[in-house]
Structure formats: structure tokens, C-alpha cells
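# Secondary and tertiary structure notes
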There are 2 protein chains.
Amino acid sequence: MNKVFVTLALILTGLILFSFQSTNFNDDDELSIDSLRKVYSKPTEQWPKPTVDKGAVFQELGELPPSPVDLKNDSVKNVVELGKILFFDPRLSGSNQISCSSCHAPDLHWSDGRQVSVGHDHLTNIRNAPSLENVWFYKRLFWDGRAASLEEQAESPVAAHNEMHQDMKALPKKLNKIKGYQPFFTAAFGSKTITNKRIFESLATFQRSIVSRRTPFDRFLARDKKALTDQQIVGLHLFRTKARCINCHNGPLFTDNEFHNDGLTYFKRKYEDLGLYNVTKKPE
Amino acid sequence: MNKVFVTLALILTGLILFSFQSTNFNDDDELSIDSLRKVYSKPTEQWPKPTVDKGAVFQELGELPPSPVDLKNDSVKNVVELGKILFFDPRLSGSNQISCSSCHAPDLHWSDGRQVSVGHDHLTNIRNAPSLENVWFYKRLFWDGRAASLEEQAESPVAAHNEMHQDMKALPKKLNKIKGYQPFFTAAFGSKTITNKRIFESLATFQRSIVSRRTPFDRFLARDKKALTDQQIVGLHLFRTKARCINCHNGPLFTDNEFHNDGLTYFKRKYEDLGLYNVTKKPE
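The structure presented is a predicted model; accordingly, all values stated were derived computationally and were not measured.

Our focus in this paragraph is the pattern of salt bridges. This structure, assessed with the given rule, holds 24 salt bridges over all chains. Taking the shortest distance from any N to any O, the salt bridge between Asp89 of chain A and Arg91 of chain A comes out at 3.0 Å. The partner of Arg244 of chain B in a salt bridge is Asp53 of chain B, with the nearest N and O atoms 2.5 Å apart. On the criterion of sequence distance, the pair formed by Arg244 of chain B in the loop between helix H10 (230-240) and helix H11 (276-280) and Asp53 of chain B in the loop between helix H2 (33-40) and helix H3 (74-87) is long-range, its members being 191 residues apart. We classify Arg244 of chain B as partly exposed; its relative accessible area is 40%. According to the relative accessible area criterion, Asp53 of chain B is partly exposed, its value standing at 30%. Through salt bridges with shared partners, a single ionic network connects Arg127, Asp144, Arg146 and Asp273 of chain A.

Pasting the structure below:
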């Protein structure tokens, strides 16, 4: 007798859950592609209310802000130009064969397309090379967020034994022997003196000038209403509402610029990577 | 008066041409996606007649033949294994930092995704790195077909000043100093002697073992009739008939394995590349 009750209760619960789900789905479904296109063609402030969880910091999607690097300012431009030359110069590496651009290639969206990057003596890295597009935006650098500025970040791969493997103490002297650099350091910093601080300041400033190309979504936001297909508009709505992607992937760069524990740590398995935890040692 | 006649004649010609085109288009159009899917689900011998120009050498599309490298044969397998180690070893380059795999990376379909490859001292090449998938099939190697075998081909990038920049005379001695290679040369060739001939024979044999992964089209040919979408089946029919792609892109590898003068030489312009002409000096 008990068994029958339990079975009936289970079936009933299932039916109730299913009916709720079904109702929910139909609610969303009612929005036709025509009505969706109409509402998403309006300014972002008039878009449908996003589905945001309690506590999530929300900013609406929107047009990309420009890079803060003012290339019309000659003194900034000189620093960027020096940084660009350094970025593509393999002599910043111990072997004189690997440059920043080896793993951050402009024609591969300033990354390298590899599963993990291959560095000095073909040693591999444990994480892949991040793109540098719009990198000026990020508050913390490296996948584990261990650097607080691009200046701080840039030194690590140059020195790392499995990346560029350059003796940092020897670097200024080494570049000092290359006569061609002198006018560029003078233009950027007022004197031909080469220091690691100047090297990484110019590398960081150059990287802040790297921005992404316009995407169909950028054109859509700029009132080109044909830039997105029907399927893409349905996806945009799903992204902002039912699928709840927008909770973290929001704002003009589709990120809240924060770190979240999403559980994908491979804890105690082959590819374990505890990320930010290894930096802060805070379980959060 | 003359002008009127000429104008009328032009309009008439236009109308006639247009009506022919229109008829032609409707002929193709009659094939519904259902009838196309039905006929393309049959064995390739029963597919619709392809549109092949006079003189074109035609072979029907079909399942990929296997690599001729027999990995079940131990003596072949030993050569492949040595070739694989050499392929990924940067010590085959003058700087000890660049290997074949630097530009032919397995996770980028055995190419590098770059517009042109970057070699020794960051010198650039004039053409991009071709994929090595199914490379055993090709009769002539390099984009300009200047090598007749993989053995002949493999030496060039190792020696080229803008690729691996290795002194070829010094290479066997250099590898001879690496004790770890001896058992592999012995297993592959019966003695530990290292010669350039053995190096490039094993590199070539390894490369002949590199094959592409199965694509939806491969699965479609193997009777998985859901592997292609409606749009893809329409494209397949267009490819084989009206668009005449099949004239050159035919057979199991979508190529007739020949060179054709398609006029894209950039003659006397910045990116001029006369390809095979520079090799044969035959205007054809």
C-alpha cells in the first residue's frame, strides 16, 4: 500500500514539475522573432528585463568603450611605438628567437590558437595564451589573476624558463647594445637609458592600444538592425534571460571583470588547476 | 536610326540571354531538397551527372583512402616513431628553438594559422605553411610544386635561412651527440649511424602517416544520411553541377592533384607569385 502511495506521489510531483516547466517555456515561446527583433532594435535601456540572480552585479551589454590610450598625444604615441617594436623583437628572449608576438600573434587575434603555448626549448605552458584584444579593460591579468597591472604582468613571460627565458638583469644591457633602440627610448622617455621599468611600461602601454575589430553585434548596437540574424537575436534574448549567461557575462565586454568559483577545478585529477585560489589561498 | 537598331539589338540579346539563364535556373530549381537528399543518399555511382568541362580529368568524390603507411608493420612503425621525434625536436634548427612542429602544429591541423609563417630570427616566409593532413596523397610538394617527394621537400625548410636555418652538413654530427637518438636510429635503420638521408626518410614516412579526422561528409558517404544538413546537400549538388567546382576539386581529396593557371598571379604587383612557372619556366 505504502509503495503505491509513494509511486503516485512521485508521478504527481513529476507532473507538477513538468507542467511548470512547460508553462515557463510557453511564456518565453510567445515572443515571436518579429516582436523580439522589434524590442532589441530599441536602445539597450528599453530591452527586456534581464534575468539576474540576487547578488549579481549587473551592467547591460553595450557598445565597446574606446581604449584609454590616446594615440593623438605624441608623448603617449612614442611610448606605444617603442612598445610595439619591443613586442615583436625576439631579442627580448634568452634564445633571441621568441618574442611576445610568438604566442600573441596579431593574425590569430593576438593569441596563438594552440591548446597550450610552446616556449623556450619547446617547453609547454600549463594554460593557453590569452588574447590581448581590449586587454586594457581587465582589472587582473593572467588566467589566475595574479598580476594587478599589465606592467607587472609583462615581466613574467619574458623571464619564465618555459616562455622567453630571458635573464632579467641582463636585459637592459643586451638591448643597450642595439643602437637602433636609442632614438626610440629617447622619444618615449626623454633619455636613451634602457631600464626594465621603461621596457615593461612601453610594452604595457602598447598592449593597452590593442582593440578588437567590430563584430556584427557592435554594428547591431550601432543601429544596423540587419547585422544580426533571427537566430542570433533569439540567442541574444536567451543569453540575457532564461539561460542566465548575463549574470557574469555582462557589460560592454561580456564580463563582470571578476573571478568566480565555477567548480571546474579538476580537483585531484590530472589537469587540476585551482586558479585564483593558488594566488590568494582563500577558499571562496 | 542606327542607334535605335543597336539599342534594340542589345535589349533583344539581353532578353534572350536572360531567358536562357532563367530556364537553366528553373531546371536546377525543380530538384527539391527531398529529391536531392534521396538521390545523394544513394551510392556515389548513382549520383546526378556532374557538370564537367571538356578535357577535365574527372574522378567522383568518395571516401578517403587510408594512408599507405602500414603501422602494423614493425619496421615501418620504427621509422615513423623516429620521424615523429625528429619532427617535434627544435634541435633540428640552427637556433635549437624551431622544429617542424613550430609551423605544422597538430592542434592547428598541422599548420600554424598564420598569414605567413615566422621562422629563424623572426624572418617571414612568402607563402603560408600548408597543412600536412593526408600529405601522402600529393604528387608534388610546396605551393609551387617544386619538390617531387616528401623526402626531397623536408630538407628545404630545415636548411632555409628564414625557416629553421640549420647547417645541413653539421646536422648529423649535431644529432649524433644526443645519445637518446641512437636506439631509435638503430630500430629504424639497423644501425645507429645518423645521416641526412635517414633523417629525411623518417621525417617523410612520419608525415605520410598524418591523416585528417572524419568530417560530416565522410560520415555522409559512409551511409550516415543525417550527417549533412539540407543546406549542405544543396551545396554539394551545386558544387558538382552548376558551379563546376568539381572540374578541379574532385576525387576523394577534392583535388585532381594537378596545377592549373587560374590567373591569380598578382603579375607585376606587390604580391606577385608566379608559382609553378618559376620552377618550370613553361608558360602554361
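And the narrative resumes.
Think of a pair of aromatic rings as described by two things: how far the centres are apart, and how the planes are tilted against each other in angle. Applying the stated rule across the entire model yields 26 aromatic pairs over all chains. Judged by centre distance (5.8 Å) and plane angle (75°), the rings of Phe239 of chain A and Phe254 of chain A are edge-to-face. You can see Phe239 of chain A sitting in helix H10 (residues 230-240) and its partner Phe254 of chain A sitting in the loop between H10 and helix H11 (276-280), a full 15 residues away along the chain. For Phe239 of chain A, a relative accessible area of 21% translates into the label partly exposed. Taking the relative accessible area as the measure of exposure, Phe254 of chain A reaches 31% and is therefore partly exposed. It is Lys225 of chain A that lies over the ring of Phe220 of chain A; its NZ or CZ is 4.3 Å from the centre. Cation over ring: Arg146 of chain B sits above Phe142 of chain B, and NZ or CZ is 3.7 Å from the ring centre.

Moving on, we get to the interface of chain B and chain A. The interface is formed by 21 residues belonging to chain B together with 21 residues belonging to chain A. Together, Gln97, Asp107 and His122 of chain B form the three largest contributors to the area buried by chain B at its contact with chain A, with a combined 46%. Scanning the region where chain B abuts chain A turns up 2 salt bridges. Between Asp107 of chain A and Arg114 of chain B there is a salt bridge; the shortest N-O distance is 2.7 Å.

Residues Leu86, Leu92, Leu175, Tyr181 and Ile199 of chain A are the most contacted members of the largest nonpolar core, which totals 33 residues. Of all elements in the fold, only helix H3 (74-87), helix H5 (150-159), helix H6 (171-176), helix H7 (181-189) and helix H8 (196-208) of chain A reach the threshold of two or more residues within this core. Those residues within four positions of Ile199 of chain A in sequence are excluded, and the remaining contacts are Leu86, Leu92, Leu171, Leu175, Phe185 and Ile194 of chain A. With 32 residues, the next largest nonpolar core counts Leu82, Val135, Met168 and Phe200 of chain B among its residues.

Cut-offs applied
All chains use their own residue numbering, which begins from 1 and follows the written sequence. Here the convention is simple: chains get letters from A, ligands get numbers from 1, in the order in which they are written. pLDDT decides what is reported in this predicted model: residues at 70 or higher carry local features, side-chain atom pairs at 80 or more are listed and counted, and totals for whole chains, interfaces and linings draw on all residues regardless. The side-chain values count all of the structure's non-hydrogen atoms but skip hydrogen atoms and water molecules. Salt-bridge detection follows one rule: a side-chain nitrogen of Lys or Arg within 4 Å of a carboxyl oxygen of Asp or Glu. Where helices and strands are cited, they refer to DSSP runs of H or I of at least four residues and of E of at least two residues respectively, numbered from the N terminus. Summary of the burial criterion: residues with accessible area below 20% of their type's maximum are buried, those above 50% are exposed, and those between are partly exposed, where the area comes from a 1.4 Å probe applied to protein chains only. For Phe, Tyr and Trp, where Trp contributes only its six-membered ring, two rings pair if their centres lie within 6.5 Å, and the inter-plane angle classes them as stacked under 30 degrees, edge-to-face over 60, or tilted in between. Two conditions define a charge sitting above a ring: the NZ of Lys or the CZ of Arg must be within 6 Å of the ring centre, and it must be within 35 degrees of the ring normal. Contacts are assigned to residue pairs that have any heavy atoms within 4.5 Å of one another. Buried area: the sum, over both parts, of the accessible surface (1.4 Å probe) that disappears when the two are put together. For the purposes of this section, nonpolar cores are sets of buried Ala, Val, Leu, Ile, Met, Phe, Trp, Tyr and Cys residues that join through side-chain atoms within 4.5 Å.

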